[in-house]
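What follows is the residue order along each chain.
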Amino acid sequence: FAQSLSDPGLLRTRGLVGGEWIDADADATCEVTNPATGAVLGTIPDMGAGETRRAIDAAHAAFPAWSRRTAKERADVLKRMHRLMLEHQDDLARLMTAEQGKPLAESKGEIAYCAAYLEWFAEEARRMYGDTIPGHAADKRIMTLRQPVGVVAAITPWNFPSAMLGRKIAPALAAGCTVVCKPATQTPYSALALGVLAERAGLPPGVLNIVTGHDAAAIGGEMTGNAKVRKLSFTGSTGVGKKLMAQCAEGMKRVSMELGGNAPFIVFDDADLDAAVEGAMASKFRNTGQTCVCANRLFVQDAVYDAFADKLGAAIAKLRVGDGLAGATEQGPLIDAKALEKVEEHVADALAKGARAAMGGRPHALGGTFYEPTLLLDATPGMLLAREETFGPVAPLFRFASEDEVLALANDTEVGLAGYFYTRDLARAYRVAEALECGIVGVNTGLVSTEVAPFGGVKESGIGREGSKYGLDDYTELKYVCIGGI
Ligand code: ADP
């Protein structure tokens, strides 16, 4: 596969520890496969606690010098990484599609999105201001400093192999932290390519370390148990997030958690239906429904239910399903067999409980982990897909009568990441945006992700915010300095 890249050096099959590209201690490896074809792309080192400990040692040793650099010096490295990512956008996108399955156009978009975080935090690095505060006594003065938290451990998922990492390493490096990261086992090459570009951008050895392997619990256990790590930043499932947070409690480590959602997507009867369909398609079917902000439950008001269902069905029918590397594909495969199983389980449960499949509802004729883009009518709150993220190309339509009713339904979940609604009533736009128990609300739009806005959830969807002017806070400590005897 490397030979199909214009810069084959971007495909690395080793981990990065202390500036060295290394194999696992026991020389063990794991295979990385293309979910669209099942073909083996290559291997990665199967590392465990020992290699992770050495990576943490390297990050710890690199911290004093990196954190003492001026913000401008750190920003310059991040800006070079940003430029290099864009220069290699095509190769990086091909690499991502090969290991992740998403259509090439989406991969290109993700590379630009990841690069945008590097640029944004290069700019923010120089504005890590503290305050001076009017003192509480005549002979005292008060100021605050913002200092990097220290060594950061980052664990990232497979659905956005570059962007989820960029969102963490950009603010961490900007703040002066050093990092040990563990990409998802399914999609390590995008992360390793970022390591290559970091090296080319002049990031000093040990500042960014990448460990790979299938035993996430062993790597995560070392990250959360090692006293040299001061913070864990995790994006993944709520279940694993809770486990890691509990492990972090022992050493009082700081945590940032970007966990699962169960996004409501509400279409009121005063909505622009064509715009709502466009938003629903973007929110529901991007990355084959495998994003944590994907519309999971589509609530449609009585009067427009049938019209919306018809229009959405027509849009779904046009989706081109296939290998993300081939032509004008809009829907790739699901990431793996486990993901396919979950989608099948959710659909079977819904059909058994009275839903009707207006479109799809079966594994795709292409085989493997491809699934038909699916529209389910008459969904109800008792179904599995109302309680859990389906993480697949399934749009279930729930019916509702009133604003109060739909707000109760939308908020009836223990998670709260994104929520969307369509209306042309200004007062309702304010009311509903305020009432939704979510960290992110899209009003008359299905696309909300950008590096300039704070991304994060409420309730069991997580802790902390990534991106925006707030994003640096998660990687800094606020120190209060009181100067007496004046
Ligand atoms: P997903 O459903 O997206 O795969 P996971 O939470 O299982 O969600 O995975 C997200 C990341 O967390 C991946 O990098 C995975 O390898 C890692 N992970 C899974 N289990 C653990 C664990 N027990 N400790 C640390 N990391 C884990």
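Quick notes on the rules
- Residues numbered from 1 in each chain as written.
- Predicted model: local features only at pLDDT ≥ 70, side-chain atom pairs only at ≥ 80, totals over all residues.
- Helix = DSSP H or I, 4+ residues; strand = E, 2+ residues; numbered from the N terminus.
- Rg over C-alpha atoms; globule rule 2.2 N^0.38 Å.
- Buried ≥ 20, exposed ≤ 12 C-beta atoms within 10 Å, placed from the backbone.
- Contact = placed C-beta atoms within 7 Å.
- Expected span 1.5 Å × (residues − 1).
- Arc of directions from axis to C-beta.
- Pairing = 2+ DSSP bridges.
- Axes fitted to C-alpha atoms, helices over the stretch in contact; angles between N-to-C directions.
- Near = placed C-beta within 6 Å.
- Nonpolar A, V, L, I, M, F, W, Y, C, P; charged D, E, K, R; others polar.
- UniProt positions renumbered as here; feature names shortened; annotations may be inferred.
- Parallel < 35°, antiparallel > 145°, perpendicular 65-115°, else oblique.
- Left-handed = near helix turned anticlockwise from the far one by under 90°.

**Some details on the overall build of the protein**
- Assigned secondary structure in the protein consists of 14 helices and 22 strands.
- Against the globule reference of 23 Å for 486 residues, the protein gives a C-alpha radius of gyration of 23 Å, in line with a compact fold.
- In terms of overall dimensions, the protein has C-alpha extents of about 70 × 65 × 40 Å along its principal axes.
- Within the protein, the fraction of its 486 residues that count as buried is 53%.
- Counting only contacts in the protein whose residues sit at least 6 apart along the sequence, the fraction spanning at least 24 positions is 72%.

**Observations concerning helix α11 (residues 337-352)**
- An ideal rise of 1.5 Å per residue puts 22 Å on 16 residues; α11 measures up with 22 Å between its terminal C-alpha atoms.
- By the burial criterion, the buried members of α11 are Ala339, Leu340, Val343, His346, Val347 and Ala350. Taken end-on, α11 shows its buried residues confined to a sector of 130 degrees, consistent with a single buried face. Exposed residues pointing more than 90 degrees away from the buried face of α11 are listed as Ala337, Lys338, Glu341, Ala348 and Ala352.

**Describing the sheet that holds strand β15 (residues 374-379)**
- If you trace the seven strands from one edge of the open sheet to the other, you get β14-β15-β16-β13-β12-β18-β19, paired in mixed fashion. Sheet topology places β14 (356-359) and β19 (440-443) at the edges, where each strand pairs with a single neighbour. Recorded for the sheet is a direction-independent mean angle of 25 degrees between the axes of neighbouring strands.
- Examined bridge by bridge, β14 and β15 share three bridges and lie antiparallel to one another. The partner of Arg356 across the bridge, within β15, is Leu377.
- Where helix α9 (residues 273-285) meets the sheet, it contacts β12 (263-267), β13 (295-301), β16 (394-400) and β18 (418-422), and its direction lies at approximately 165 degrees from that of β18.

**Focus on the site of the ligand**
- Every one of the 14 residues lining the ligand counts as a neighbour, but Ala216, Gly220, Gly236, Ser237 and Val240 are closest to it.
- For the shell around the ligand, the residue count by class is seven nonpolar, five polar and two charged.

**Quick look at the sheet that holds strand β5 (residues 132-133)**
- Spatial ordering of the open sheet is given by β5-β6-β22, a layout of three strands whose pairing is antiparallel. The open sheet has two free edges, formed respectively by β5 and β22 (476-483), since each of these has just one partner strand.

**Topic: the UniProt feature "active site" (unreviewed entry) in the protein**
- Those residues carrying the UniProt feature "active site" (unreviewed entry) are Glu258 in this numbering.
- With respect to the helices and strands, the residue Glu258 is situated in strand β11 (residues 254-258).
- C-beta crowding within 10 Å serves as the criterion here: with 27 such atoms nearby, Glu258 is assigned to the buried category.
- Every residue in contact with Glu258, bar those within four places of it in the chain, is listed here: Thr235, Gly456, Gly462 and Glu466.

**Brief notes about the environment of Pro333**
- The topology assignment puts Pro333 in the loop between α10 (305-317) and α11.
- According to the C-beta neighbour criterion, Pro333 is buried, with 28 such atoms within 10 Å.
- Pro333 sits 314 residues away from Gly19 along the chain, and the two C-alpha atoms are 35 Å apart.
- Setting aside chain neighbours within four positions, we find Pro333 in contact with Pro35, Ala36, Gly101, Gly368, Thr369 and Phe370.

**Examining helix α6 (residues 188-200)**
- Look at α6: 19 Å from first C-alpha to last across 13 residues, which is about the 18 Å you get at 1.5 Å a residue.
- With 10 of its 13 residues buried, α6 lies for the most part within the structure.
- For α6, the full list of buried residues reads Pro188, Tyr189, Ser190, Ala191, Leu192, Ala193, Leu194, Gly195, Leu197 and Ala198.
- The first or second residue beyond α6 is Gly202, which carries a positive phi of 95 degrees.

**Brief notes about the pairing of strand β3 (residues 29-33)**
- In this sheet, strand β4 (residues 40-45) lies alongside β3 in antiparallel orientation, the contact comprising five bridges. Residue pairing across strands places Cys30 opposite Ile44, the latter belonging to β4.
- Hairpin connection between β3 and β4: a loop of six residues separates the two successive antiparallel strands, and Gly38 in this loop has a positive phi of roughly 80 degrees.

**Thoughts on the environment of Asn226**
- Structurally, the position occupied by Asn226 is in the loop between α7 (216-225) and β10 (229-235).
- It is 46 Å that separates the C-alpha atoms of Asn226 and Tyr430, two residues lying 204 residues apart in sequence.
- Not counting the four nearest positions on each side in its chain, Asn226 is found in contact with Arg53 and Ile56.

**Description of the packing of helix α2 (residues 71-87) against helix α4 (residues 104-125)**
- Orientation of α2 relative to α4, taken along the N-to-C sense of each, is 165 degrees, at an axis distance of 8 Å. When the axes of α2 and α4 are compared, the pair comes out roughly antiparallel. α2 and α4 meet at a crossing whose hand is left-handed. On α4, the residues that touch Ala71, Arg74, Ala75, Leu78, Lys79, Met81, His82, Met85 and Leu86 of α2 are Ile111, Ala112, Cys114, Ala115, Leu118, Glu119, Phe121, Ala122 and Ala125.
- Of the residues that constitute the contact of α2 with α4, the class distribution is 14 nonpolar, one polar and three charged.

**What to know about the packing of helix α1 (residues 49-68) against α7**
- Remark: α1 packs on α7, axes separated minimally by 8 Å, with the N-to-C direction vectors making an angle of 35 degrees. Here the hand of the crossing between α1 and α7 comes out right-handed. Two secondary-structure elements touch here, α1 through Ala49, Thr52 and Arg53 and α7 through Ala218, Ile219, Gly221, Glu222 and Met223.
- For the contact of α1 with α7, the residue count by class is four nonpolar, two polar and two charged.

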